[in-house]
Amino acid sequence: NSKVIQTPRYLVKGQGQKAKMRCIPEKGHPVVFWYQQNKNNEFKFLINFQNQEVLQQIDMTEKRFSAECPSNSPCSLEIQSSEAGDSALYLCASSRLGQDTQYFGPGTRLLVL
Amino acid sequence: GQQVKQSSPSLTVQEGGISILNCDYENDMFDYFAWYKKYPDNSPTLLISVRSNVDKREDGRLTVFLNKSGKHFSLHITASQPEDTAVYLCAAGATASSSFSKLVFGQGTSLSVVP
């Protein structure tokens, strides 16, 4: 069973508001991924980290989204100015170095009104 | 475009039968293939995965078949049980290009195992 922790489980924001969600990866997993699952069940990769360093990110993430994985603190994903289209399930996953398997957290379900 | 496709959004199987879930991919660089199980409101849980150097992997009632030339992989669940009812997601990654490759997911197949 995955031990990735995500908070909050549910988040409701108005358009234009900031939305911040957190992820604690499994112990010993330095690689962290963020995915967005929309209402059509489509997964979209957003960004990944090794420790504090960004490895890959998509264009969307570079603009309104910001993410970080500070040492000794939870990783976070923040939407600076939420839009209705951001309503989705945001999943965090972690993995060990050199291993393919990603372990997912329960997700944060964001609703932007 | 959708790089990983699950053409069947839903599948119903009789209890005790074999459930066959299919997944097609487009990217020749994919070398890691996985099946995840997702209950409603729960996170995806890894069921089984294979690297591209094998064609088949078994784990209990689960078997993954990989057809690289056809860019296709499938999950077979034998002796299907009502507890197998869930959404099954296939995923693929190109790990050779990056040790920390993102996964590309299909849209899922909702499996229902009926008595």
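Residues numbered from 1 in each chain as written. Chains lettered and ligands numbered in written order. Predicted model: local features only at pLDDT ≥ 70, side-chain atom pairs only at ≥ 80, totals over all residues. Heavy atoms only, no water.

What about the nonpolar core?
Heads up, the condition is: Think of a nonpolar core as a cluster: buried Ala, Val, Leu, Ile, Met, Phe, Trp, Tyr and Cys residues, connected wherever their side-chain atoms sit within 4.5 Å. A simple rule labels every residue: compare its accessible area, found with a 1.4 Å probe on the protein chains alone, to the largest value its type can have, and call it buried under 20%, exposed over 50%, or partly exposed in between. Every helix listed is a DSSP run of H or I at least four residues long, and every strand listed is a run of E at least two residues long, numbered separately from the N terminus. Whether two residues are in contact is decided by their heavy atoms, any of which lying within 4.5 Å being enough.
Membership of the largest hydrophobic core comes to 24 residues, with the highest contact counts inside it found for B:Val4, B:Phe30, B:Phe33, B:Trp35, B:Phe73, B:Leu75 and B:Tyr88. Every element with two or more residues in this core is listed here: β3 (19-25), β4 (32-38), β5 (45-51), β7 (62-67), β8 (72-77), β9 (86-93) and β11 (109-114) of chain B. Here the element with the most residues in this core is β9(B); it accounts for four residues. For B:Phe33, the contacting residues outside a window of four places in its chain are B:Tyr25, B:Ile48, B:Ser49, B:Val50, B:Ser52, B:Leu66, B:Phe73, B:Ala91 and B:Ala92. Ranked by size, the runner-up nonpolar core spans 20 residues in total, among them A:Met21, A:Leu46, A:Ala88 and A:Cys92.

Remarks on the interface of chain B and chain A
Test applied: Salt bridges are defined as contacts in which a side-chain nitrogen from Lys or Arg sits within 4 Å of a carboxyl oxygen from Asp or Glu. Residues are grouped as follows: Ala, Val, Leu, Ile, Met, Phe, Trp, Tyr, Cys and Pro are nonpolar; Asp, Glu, Lys and Arg are charged; all remaining types, including Gly, are polar.
In this assembly, 17 residues from chain B lie in contact with 25 residues from chain A. The interface formed by chain B and chain A includes zero salt bridges. Only β4 and β5 of chain B provide two or more residues apiece to the side of chain B that touches chain A. A total of three residues in the side of chain B that touches chain A trace back to one element, the largest contributor, which is β4(B). For the side of chain B that touches chain A, the class distribution of residues is eight nonpolar, five polar and four charged.

Quick notes on the side chain of A:Thr108
Residue and element names in this part refer to chain A. Just so we agree on the cut-off: Nitrogen and oxygen atoms within 3.5 Å of one another constitute a polar contact, given that in protein one can donate a hydrogen and the other can accept it, and given that sequence-neighbouring residues count only through two side-chain atoms.
Among the secondary structure elements, Thr-108 is positioned in strand β11 (residues 108-112). Here the side chain of Thr-108 touches Pro-8 through a polar contact of 2.6 Å, landing on its backbone oxygen. Apart from residues no more than four positions distant in its own chain, Thr-108 is found in contact with Gln-6, Thr-7, Pro-8, Arg-9, Leu-11, Met-21, Ala-88, Leu-89 and Tyr-90.

Some words on the packing of aromatic side chains
Our working definition: When two rings of Phe, Tyr or Trp (its six-membered ring) have centres within 6.5 Å they constitute a pair, described as stacked for plane angles under 30 degrees, edge-to-face for angles over 60, and tilted for the intermediate range.
What the rule picks out here adds up to 15 aromatic pairs over all chains. Arranged with centres 6.5 Å apart and planes meeting at 70°, the rings of A:Tyr35 and A:Phe43 form a pair that is edge-to-face. The burial state of A:Tyr35 is the same as that of A:Phe43; both residues are buried. Site record: aromatic cluster; members linked through ring pairs are A:Phe33, A:Tyr35, A:Phe43, A:Phe45, A:Phe104, B:Tyr36 and B:Phe105.

Overview of the sheet that holds β8(B)
Remark on secondary structure: sheet strands pair via backbone hydrogen bonds, oriented parallel or antiparallel. All names here are of chain B. Just so we agree on the cut-off: Paired strands, as defined in this entry, are two strands with at least two bridges between them according to DSSP.
Here we have five strands laid out as an open sheet, ordered β1-β3-β8-β7-β6, and antiparallel in their pairing. Two strands lie at the open edges of the sheet, namely β1 (4-5) and β6 (56-59), each paired on one side alone. The pairing of β6 with β7 spans four bridges and is classified as antiparallel. Following the sheet pairing, Lys-56 is matched in β7 by Phe-65.

Details of the sheet that holds strand β1 (residues 5-7) of chain A
All names here are of chain A. Let me state the cut-off plainly: Structural elements are reduced to axes, namely lines fitted to C-alpha atoms, with helices fitted over the stretch in contact, and the angle between N-to-C directions of any two is expressed from 0 to 180 degrees.
Strand order in the open sheet formed by four strands is β1-β3-β8-β7, and the pairing between neighbours is antiparallel. Both edges of this open sheet fall to β1 and β7 (65-68), since each of them pairs with a single strand only. Strand-to-strand twist across the sheet, computed as the mean angle between neighbouring axes with direction ignored, equals 15°.

Things to note about the confidence of the model for chain B
As a reminder of what qualifies: Confidence scores labelled pLDDT are given residue by residue by the predictor and lie between 0 and 100.
A residue-level look at chain B finds 93% of positions with pLDDT of 70 or above and a mean pLDDT of 91. Of all the helices and strands in chain B, strand β10 (residues 104-105) of chain B carries the lowest mean pLDDT, 92, while β8(B) carries the highest, 98.

A few points about the side chain of B:Thr63
In this fold, B:Thr63 is placed in strand β7. Excluding residues within four positions of it along the chain, B:Thr63 makes contact with B:Lys56, B:Arg57, B:Glu58, B:Ser74, B:Leu75 and B:His76.

Details of the pattern of salt bridges
For the coordinates displayed, the defined rule picks out eight salt bridges over all chains. We note a salt bridge from B:Lys68 to B:Asp55, for which the minimum N-O separation is 3.2 Å. Here B:Lys68 is found in the loop between β7 and β8, whereas its partner B:Asp55 is found in the loop between β5 and β6, with 13 residues between them in sequence. Residue B:Arg61 is joined to B:Asp84 by a salt bridge in which the shortest nitrogen-to-oxygen separation is 2.9 Å. You can see B:Arg61 sitting in the loop between β6 and β7 and its partner B:Asp84 sitting in the loop between β8 and β9, a full 23 residues away along the chain. Within this structure, A:Arg64, A:Glu83 and A:Asp86 form a network of salt bridges that share partners.

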